[in-house]
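Coordinates in review
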Amino acid sequence: MYATDFRNRPLSISEVTELTSLTPRTIRYYHEVGLVPEPDRDGAGNRSYRMEEITRLLWVQRMTAAGLSLDAVRQVAEASNDQQVQTLLNELDQELAAKEEQLREQRTVVAQLRELGSTMGVFTPKVAAAYKAAGLEALSREEQEFMLLLESTHGTSAALGLVRPIM
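Residues numbered from 1 in each chain as written. Predicted model: local features only at pLDDT ≥ 70, side-chain atom pairs only at ≥ 80, totals over all residues. Heavy atoms only, no water.

Some thoughts on the overall build of the chain
If you tally the helices and strands in the chain, you get nine helices and two strands. Helices (α) and strands (β) of the chain occur, in sequence order from the N terminus, as α-α-α-β-β-α-α-α-α-α-α. Taking all 167 residues of the chain together, the buried fraction comes to 27%. Across the chain, contacts joining residues at least 24 apart in sequence account for 43% of those joining residues at least 6 apart. (Helix = DSSP H or I, 4+ residues; strand = E, 2+ residues; numbered from the N terminus. Buried < 20%, exposed > 50% of the residue type's maximum accessible area, 1.4 Å probe, protein only. Contact = heavy atoms within 4.5 Å.)

Structure, rendered in structure tokens:
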């Protein structure tokens, strides 16, 4: 299909799905929730998409790909000026930054578990390094549980305090 096809004639929903990679179900849902106006119907009663509806579908697709919820897309679509749109996009950017920070923290934990091993990786890197330096890497399950509880409830210094006398 060529882009000029939808300039010269209306397209069927199957042609629009090919053009946009959206499913018919998604397109119909966007109509149902009011994000994209229902197109006119042809003589057989089928939806007949023109450039305006196709462009709107592509715009909604771009907005959702950027991470906006459908409610946020609606807010952007209904925004009366560019400042409102910028505010909504700034809010989205802040949400994405928070998610990015959360993912970074999760990756740090995974890297720690990989580096220190699943046994020592449950402790902070500082405590795990102290245990390794003291040659205490092979703790029993009860010792691990106790140290994890101690470190979680009383902090890193309390856990380090138990390692130092051994060293």
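After that view, the rundown keeps rolling.
Concerning the pattern of salt bridges
Here the structure, examined in full by the defined rule, presents five salt bridges. When the shortest N-O distance is used, the salt bridge between Glu-100 and Arg-104 registers 3.8 Å. With a gap of four residues between them, Glu-100 and Arg-104 both fall in helix α6 (residues 82–120), about one helical turn apart. We classify Glu-100 as partly exposed; its relative accessible area is 46%. (Salt bridge = Lys/Arg side-chain N within 4 Å of Asp/Glu carboxyl O.)

Quick notes on the packing of helix α2 (residues 13–20) against helix α3 (residues 24–32)
One can describe the packing of α2 onto α3 by two numbers: an axis separation of 9 Å at closest approach and a directional angle of 105°. The orientation of α2 relative to α3 falls into the category roughly perpendicular. When α2 is examined against α3, the residues Ile-13, Val-16, Thr-17 and Thr-20 are found in contact with a partner set consisting of Pro-24, Ile-27 and Arg-28. Grouping the amino acids of the contact of α2 with α3 by side-chain chemistry returns four nonpolar, two polar and one charged. (Axes fitted to C-alpha atoms, helices over the stretch in contact; angles between N-to-C directions. Parallel < 35°, antiparallel > 145°, perpendicular 65-115°, else oblique. Nonpolar A, V, L, I, M, F, W, Y, C, P; charged D, E, K, R; others polar.)

Observations regarding the confidence of the model for the chain
Across the chain, the average pLDDT comes to 82, with 85% of residues at or above 70. Highest mean pLDDT in the chain belongs to α3 (95); lowest belongs to helix α1 (residues 5–8) (64). (pLDDT = per-residue confidence, 0-100.)

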